[in-house]
Amino acid sequence: ELGELRRRADEAQEAAVRHSRRSEALETQLEQLRRGLEDRNSVRDSCERFTVLEQSSKVMEKQVVALQQKLEPVVQALQDRVVELGVAVQEKDAAGEGLFADVDDRVSALARR
């Protein structure tokens, strides 16, 4: 009877060791699954952030295009004005009325004094 009790105790101890190992293996698998889920959530969050950034980028592109369209007439008007002023300067120079003619006269007058 004592031998039977020892045998049963040994079997119970072996079963406890098997259960402990199985429990550790399950805990390891659970931890791996948890990490995998965290990685997946991180990837999903990154994809969502990328989507938001992509949408913002598209909105900004549209705003830049709209701004360029608004600025085109202003830039063209400025370019036209520069051309007009250039022609006016050339005409004054040709007529002997350079923009700096009176300044040159004043400097010459001061130099003579």
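What counts, and at which threshold
- Residues numbered from 1 in each chain as written.
- Predicted model: local features only at pLDDT ≥ 70, side-chain atom pairs only at ≥ 80, totals over all residues.
- Heavy atoms only, no water.
- Helix = DSSP H or I, 4+ residues; strand = E, 2+ residues; numbered from the N terminus.
- Rg over C-alpha atoms; globule rule 2.2 N^0.38 Å.
- Buried < 20%, exposed > 50% of the residue type's maximum accessible area, 1.4 Å probe, protein only.
- Areas by Shrake-Rupley, 256 points an atom, 1.4 Å probe, with all protein chains shown as cover.
- Lys, Arg positive; Asp, Glu negative; His and termini not counted.
- Charge placed at Lys NZ, Arg CZ, Asp CG, Glu CD.
- Patch = residues over 30% accessible without salt bridge, like charges linked within 9 Å, V, L, I, M, F, W, Y side chains within 5 Å.
- Salt bridge = Lys/Arg side-chain N within 4 Å of Asp/Glu carboxyl O.
- Expected span 1.5 Å × (residues − 1).
- Bend = angle between axes of the 7 residues up to and from the residue.

**Side note on the overall build of the protein chain**
Move 1: Helix and strand content of the protein chain: two helices and zero strands.
Move 2: Relative to a compact globule of 113 residues, whose C-alpha radius of gyration would be 13 Å, the protein chain shows 44 Å and is clearly more extended.
Move 3: The dimensions of the protein chain, computed from C-alpha atoms along their principal axes, are 140 × 40 × 15 Å.
Move 4: Residues classed as buried in the protein chain amount to 1% of the 113 residues present.
Move 5: When the accessible area of the protein chain is evaluated, it comes to approximately 10,500 Å², of which 57% is carbon and sulfur surface.
Move 6: Charge-centre separation for the protein chain: the mean point of 19 positive side chains lies 5 Å from the mean point of 23 negative side chains.

**Some remarks on the environment of Leu33**
Move 1: As for its placement among the helices and strands, Leu33 is situated in helix α1 (residues 2-94).
Move 2: Separated by 79 residues in sequence, Leu33 and Arg112 have C-alpha atoms that sit 97 Å apart.

**With respect to the environment of Leu78**
Move 1: Among the secondary structure elements, Leu78 is positioned in helix α1.
Move 2: In sequence terms Leu78 and Arg6 are 72 residues apart; their C-alpha atoms lie 104 Å from each other.

**Structural notes on a nonpolar patch on the surface**
Move 1: Among the surface-exposed residues, Leu67, Leu71, Val74, Val75 and Leu78 lie close enough to one another that they form a single nonpolar patch of about 440 Å² accessible area.
Move 2: As for its position among the elements, Val74 is in helix α1.

**With respect to α1**
Move 1: Taking 1.5 Å per residue as the helical rise, α1 with its 93 residues ought to reach 138 Å, and the 132 Å between its terminal C-alpha atoms agrees with that figure.
Move 2: Taking the largest bend as the criterion, α1 deviates by roughly 30°, centred on Leu71, and proline Pro73 comes between one and four positions later.
Move 3: The first or second residue beyond α1 is Gly96, which carries a positive phi of 80°.

**Quick notes on the pattern of salt bridges**
Move 1: Scanning the model with the defined rule gives nine salt bridges in all.
Move 2: When the shortest N-O distance is used, the salt bridge between Glu4 and Arg7 registers 2.4 Å. Residue Glu4 and its partner Arg7 are both found in helix α1; the two are separated by three residues, about one turn of the helix.
Move 3: In this structure, Arg34 and Glu31 form a salt bridge, with 2.2 Å as the shortest nitrogen-oxygen distance. One end of the pair is Arg34 and the other is Glu31, both in helix α1 and three residues apart, which spans about a single turn.
Move 4: Residue class for Arg34 comes out partly exposed when judged on its relative accessible area of 37%.
Move 5: The exposure class assigned to Glu31 is partly exposed, which follows from its relative accessible area of 26%.
Move 6: Residues joined by salt bridges that share partners form a network here, namely Glu4, Arg7, Arg8 and Glu11.

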